[in-house]
Amino acid sequence: KSQILEERRKIVNILLLDLDQWNRKQIATIPLGNRFLVFKHKAMEYYADKYGFNTISLLNYLGHSGSLRPETLSTVMRKLKEYDVKVLFSEQKPPSKLIKSISQKSSISIASKPIYVDGIRPGGSILTTAISNTCIIVNSLSGSCNKQTGQILKARWEALVR
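Reading guide: rules and limits
Here the residue numbering is sequential within each chain, running from 1 through the sequence in written order. At least 70 in pLDDT is required for a residue's local features to be given in this predicted model, at least 80 for side-chain atom pairs to be given and counted, and no such filter applies to totals for whole chains, interfaces and linings, which use all residues. With hydrogens and water excluded, all non-hydrogen atoms of the structure serve as input to the side-chain values. Secondary structure elements follow DSSP: runs of H or I of four or more residues count as helices, runs of E of two or more count as strands, with numbering from the N terminus. Relative accessibility under 20% of the residue-type maximum defines a buried residue, over 50% an exposed one, and the middle range a partly exposed one, all with a 1.4 Å probe and only protein chains included. Only heavy atoms enter the contact rule, under which two residues are in contact if any of them lie within 4.5 Å. Pairing between strands requires that DSSP locate at least two bridges from one strand to the other. Crossovers are marked right-handed if the path from the first strand over the helix to the second runs clockwise, as seen with the strands pointing away from the viewer. Only the stretch in contact is used when fitting a helix axis, every axis being a line fitted to C-alpha atoms; angles between N-to-C directions are given from 0 to 180 degrees. Should an angle lie under 35 degrees it is considered roughly parallel, over 145 roughly antiparallel, and from 65 to 115 roughly perpendicular; all remaining angles are considered oblique. Residues were grouped as follows: Ala, Val, Leu, Ile, Met, Phe, Trp, Tyr, Cys and Pro as nonpolar; Asp, Glu, Lys and Arg as charged; and all remaining residues, including Gly, as polar. Centres within 6.5 Å make a pair out of two Phe, Tyr or Trp rings, where for Trp the six-membered ring is used; the pair is then stacked when the planes are under 30 degrees apart, edge-to-face when over 60, and tilted otherwise. Nonpolar cores were defined as sets of buried Ala, Val, Leu, Ile, Met, Phe, Trp, Tyr and Cys residues, with membership established by side-chain atoms within 4.5 Å. Two kinds of site are reported from a 1 Å grid over the protein atoms alone, namely cavities, where a 1.4 Å probe fits but cannot get out, and pockets, open sets with protein on both sides within 12 Å along at least five of seven lines, and residues are called lining when an atom falls within 4 Å of a point. Grid points are joined across faces, edges and corners, and a volume is the space filled by probe spheres set on the points. When two cysteine sulfur atoms lie within 2.5 Å, the pair is treated as a disulfide.

Novice: Outline the environment of Phe53, supporting the account with residue identities and numerical values.
Specialist: Here Phe53 lies in the loop between helix 2 (45-51) and strand 2 (54-57). Residue class for Phe53 comes out buried when judged on its relative accessible area of 6%. In contact with Phe53, not counting residues within four places along its chain, are Ile27, Ile30, Arg35, Phe36, Leu37, Tyr47, Ala48, Ile137 and Leu141.

Novice: Quick one: what's the story with the pairing of strand 1 (residues 36-39), residue by residue and with numbers?
Specialist: Going residue by residue along strand 1, you find Phe36 and Val38 tucked away on one face and Leu37 and Phe39 tucked away on the opposite face as well. Sheet analysis places strand 1 next to strand 2, joined by four bridges and oriented parallel. Bridge assignment links Phe36 to a residue of strand 2, and that residue is Asn54. For the crossover that starts at strand 1, traverses helix 2 and ends in the parallel strand 2, the hand is right-handed.

Novice: Which residues make up the packing of helix 1 (residues 2-27) against helix 5 (residues 126-140), and what values do they have?
Specialist: One way to put it is that helix 1 packs onto helix 5 with a least axis distance of 10 Å and a crossing angle of 10 degrees. Considering the angle they form, helix 1 stands roughly parallel to helix 5. Between helix 1 and helix 5, the residues in contact are Leu15, Leu19, Trp22, Asn23, Gln26 and Ile27 and Leu127, Ala130, Ile131, Thr134, Cys135 and Val138, respectively. The residue inventory of the contact of helix 1 with helix 5, partitioned by class, reads nine nonpolar, three polar and no charged.

Novice: How would you sum up the packing of aromatic side chains? Please name residues and give values.
Specialist: Within this structure, the stated rule accounts for three aromatic pairs. Ring centres of Tyr47 and Phe53 lie 6.0 Å apart, and the angle between their planes is 20 degrees; this geometry places the pair in the stacked category. Each member of the pair, Tyr47 as well as Phe53, is classed as buried. Linked through ring pairs, Tyr47, Tyr51 and Phe53 together constitute an aromatic cluster.

Novice: Describe the nonpolar core, with residues and values.
Specialist: If you look at the biggest cluster of nonpolar residues, it comprises 27 residues, and the most contacted ones within it are Leu37, Tyr47, Phe53, Phe89, Ile137 and Leu141. Where this core is concerned, the elements lending two or more residues are helix 1, strand 1, helix 2, helix 5 and helix 6 (147-161). Ranked by the residues each element gives to this core, the list is headed by helix 5, at six residues. Beyond its immediate chain neighbours, meaning those up to four positions away, Ile137 contacts Ile30, Leu37, Met44, Tyr47, Phe53, Phe89 and Ile115. Counting 14 residues, the second-largest nonpolar core is a separate cluster that includes Phe36, Val38, Ile56 and Leu88.

Novice: Give me the layout of surface pockets: which residues, what numbers.
Specialist: When its volume is computed, the largest pocket comes out at roughly 530 Å³. Every residue lining the largest pocket is counted, 20 residues in all, and those nearest its centre are Leu19, Tyr46, Tyr47, Ile126 and Ala130. Counting residues per element, the lining of the largest pocket draws most heavily on helix 5, at six residues. Taken together, the residues of the lining of the largest pocket sort by class into 13 nonpolar, five polar and two charged.

Novice: Pulling in residues and values, what's your account of the state of the cysteines?
Specialist: Inspection of every chain in the model, using the stated rule, returns one disulfide. Disulfide pairing places Cys135 opposite Cys145 at an S-S distance of 1.9 Å. On the S-S bond that ties Cys135 to Cys145, the torsion sits near -50 degrees, and the link is left-handed. Pair noted here: Cys135 is in helix 5 and Cys145 is in the loop between helix 5 and helix 6, with a separation of 10 residues, a long-range link.

Limitation: the analysis is restricted to geometry and does not speak to function.
This is the structure we're talking about:
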């Protein structure tokens, strides 16, 4: 039994390395000037660091009430303009009041789909959530996500967990 578990562990490790390479290929299609992530949650900072994105985490600017004070709002707006941010990312649907407000004030659109940072996409797995998040980010930032190769990774994962 331990040999079977060891084999599965090796397959999972290979699959996760392949996912990492797949992520890198998708992200490479994003123009360098567009590689900026703005979100309310700090969980995406690891992803951003690993794949070469600059970030603005809105949590750094929030007060205890969960809203931005006028002085911090102006700081966020200045950074969005300075970095020529193209899209805001939401972790929920509909987007939070904060993301909507910043979008309205800055004229920066909100990605059409939320990214999942706290857990797994409904009906998904850890792997399909990662693929979905990458495609949402890449497509929102003027890149091109290859969903077909993502589906191959998904099929490999599903074959493993059956």
